[in-house]
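# Per-entry structural report
Spelled out, the chains give:
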Amino acid sequence: MQPQDLIDEELITVPVTLERLDIYTQFLVPAHCRPRQHRTAETIDLMLQLVCAGRV
């Protein structure tokens, strides 16, 4: 997977600052890429429910 592959995607992460997320600091930012949308979810369970319900 390349950073450009996420340009049209929605990224769901835990609610922390972007500086603490490796996917941003080590993958996306160095490639000057950002996902279409960034959403946070409090727990992994909630992330899975969002995906299963097609809410992303």
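No experiment lies behind these values; they were computed from the predicted model shown. For every chain, the first residue of the written sequence is number 1, and numbering continues from 1 onward in sequence order. Given that this is a predicted model, residues contribute local features only at a pLDDT of at least 70 and side-chain atom pairs are listed and counted only at 80 or more, while totals for whole chains, interfaces and linings are drawn from all residues. Excluding hydrogens and water, the side-chain values take into account all heavy atoms of the structure.

## Here we look at the overall build of the chain
- The secondary structure listing takes helices from DSSP runs of H or I that are at least 4 residues long and strands from runs of E that are at least 2 residues long, numbered from the N terminus. Scanning the chain from N- to C-terminus turns up 2 helices and 2 strands.
- Across the chain, helices and strands are ordered from the amino to the carboxyl terminus as β-α-β-α.
- Burial status across the chain gives 25% buried among its 56 residues.
- We call two residues in contact when some of their heavy atoms are within 4.5 Å. Long-range pairs, those at least 24 residues apart, make up 64% of the contacts in the chain with a sequence separation of at least 6.
- For the chain, the exposed surface amounts to about 4200 Å²; the carbon and sulfur share of it is 53%. Accessibility here uses a 1.4 Å probe with only protein chains present; expressed as a share of the type maximum, an area under 20% marks a residue as buried, one over 50% as exposed, and anything in between as partly exposed. The method behind every accessible area is Shrake-Rupley, applied with a 1.4 Å probe, and residues are considered shielded solely by the protein chains displayed.

## Here we look at the pairing of strand E2 (residues 37-40)
- Following DSSP output, two strands are said to pair if at least two bridges run between them. Looking at chain direction, strand E1 (residues 10-13) and E2 are connected through 4 bridges and run parallel. From the neighbouring strand, Glu10 faces E2, where its bridge partner is Gln37.
- By convention a crossover is right-handed if, when the strands point away from the viewer, the path from the first strand over the helix to the second runs clockwise. The parallel pair E1 and E2 is bridged by helix H1 (residues 22-28), and the resulting crossover is right-handed.

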